[in-house]
Amino acid sequence: MRRAGRLAADLLNHLEPMVQPGVSTQALNDEAEHWMQARGATSATLGYAPPGYPPFRGSICTSVNEVVCHGIPIPNPQQILQDGDIINIDVTPILDGYHGDTSKTFLVGNPSAAARTLVEVTQESMMRGIAEIRPDARIGDIGAAIQEYAEASGFSVVRDMVGHGIGRQFHTTPEIPHYGKRSSGLKLRPGMVFTVEPMLNAGSCDLKFLADRWTVITKDKKLSAQFEHTVAVTEKGVEILTLA
């Protein structure tokens, strides 16, 4: 899991210089696919089809502006990044049978101060949630820390999408809500591995699914940002597995 997580982090770092006005999400997708293949990894998202969903058509997820998550990087017509956009890139390479899952919201050119604040608060909320992780803490502690900081900063927390256990399987138990009450939920034990991936909206937390059944947008069309790390509960606390 450490090797898979590090590979995922390195992939995001590799893509970051490409995140510029005029670059297509298709180009980001193609570069990610080639990069993974060159390192003996495959994409967990390409062709992924949980019950009730069509196969996902991208090797990464590219969620721009009001897209909350699961943005398909092969839209029609082709999507070109514009100055002032924000884009979350979510990558999940599979290396030697293990999944490394991480995402980051990037600034494209010169976004507004409000967009920058949303991105900064989202990243900080994730880190505050991760800071709660230790043996005998509870899942509710993670969500409470995220929710407290996000809402105090004027943003809403998406409730319909949660973090998840991960390993040889892409999505498994436990679920990790990014809101909640302290001292509630499953008790954390050393060896647990899961994602913490809050999505914060500039407006309401209400969502809408597009016709492709994958792309999720904010119902009010306001901006959304997300950050994600895969973490492991250790004997003494927490280890972030998706660091470069």
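The coordinates are above.
Cut-offs and rules
- Residues numbered from 1 in each chain as written.
- Predicted model: local features only at pLDDT ≥ 70, side-chain atom pairs only at ≥ 80, totals over all residues.
- Heavy atoms only, no water.
- Core = buried A, V, L, I, M, F, W, Y, C linked by side-chain atoms within 4.5 Å.
- Buried < 20%, exposed > 50% of the residue type's maximum accessible area, 1.4 Å probe, protein only.
- Helix = DSSP H or I, 4+ residues; strand = E, 2+ residues; numbered from the N terminus.
- Contact = heavy atoms within 4.5 Å.
- Salt bridge = Lys/Arg side-chain N within 4 Å of Asp/Glu carboxyl O.
- Pairing = 2+ DSSP bridges.
- Disulfide = S-S within 2.5 Å.

What follows is about the nonpolar core. In terms of nonpolar packing, the biggest core is built from 24 residues, with Ile133, Ile142, Leu188, Phe194, Val196 and Leu200 touching the most fellow members. Of all the secondary structure elements, the ones that give two or more residues to this core are helix H3 (113-130), helix H4 (139-152), strand E11 (193-196) and strand E16 (229-233). Ranked by residue count, the leading element in this core is H3, at six residues. Contact partners of isoleucine 142, with chain neighbours within four places excluded, come to Gly129, Glu132, Ile133, Ile176, Leu188, Phe194 and Val196. Judged by nonpolar contacts, the second largest core, of 22 residues, contains Ala4, Leu11, Leu12 and Ala41.

Another aspect to go through is the pattern of salt bridges. Oppositely charged side chains may form a pair once their charged atoms are brought near each other. Following the criterion strictly, the structure yields seven salt bridges and no others. For arginine 2, the salt bridge is made with glutamate 239, and the minimal N-O distance between the two is 2.7 Å. On the criterion of sequence distance, the pair formed by arginine 2 in helix H1 (residues 2-15) and glutamate 239 in strand E17 (residues 238-240) is long-range, its members being 237 residues apart. Between arginine 182 and glutamate 148 there is a salt bridge, and its shortest N-O distance comes to 3.1 Å. Note that arginine 182 is positioned in the loop between strand E10 (172-176) and E11 and glutamate 148 in helix H4, a separation of 34 residues in sequence. Glutamate 148 sits in the partly exposed class, given a relative accessible area of 43%. Several salt bridges converge on common partners, so that one network encompasses Glu132, Glu148 and Arg182.

So, on to the side chain of threonine 62. In this structure, threonine 62 sits in strand E2 (residues 61-64). Non-local contacts of threonine 62, meaning those with residues more than four positions away in its chain, are made with Thr25, Gly71, Ile72, Pro73, Ile87 and Asn88.

This next bit is on the sheet that holds strand E8 (residues 156-157). Read across the open sheet, the three strands follow the order E8-E12-E15; overall the sheet is antiparallel. Where the open sheet ends on each side, the last strands, each with one partner, are E8 and strand E15 (224-226). Where strand E12 (residues 199-201) meets E15, three bridges bridge the pair, whose relative direction is antiparallel. Bridge pairing links asparagine 201 to serine 224 in E15.

Here we come to the state of the cysteines. Under the criterion given, the structure shown has zero disulfides. The cysteine cysteine 205 is free of any disulfide, with cysteine 69 supplying the nearest cysteine sulfur at 13 Å. We classify cysteine 205 as partly exposed; its relative accessible area is 25%.

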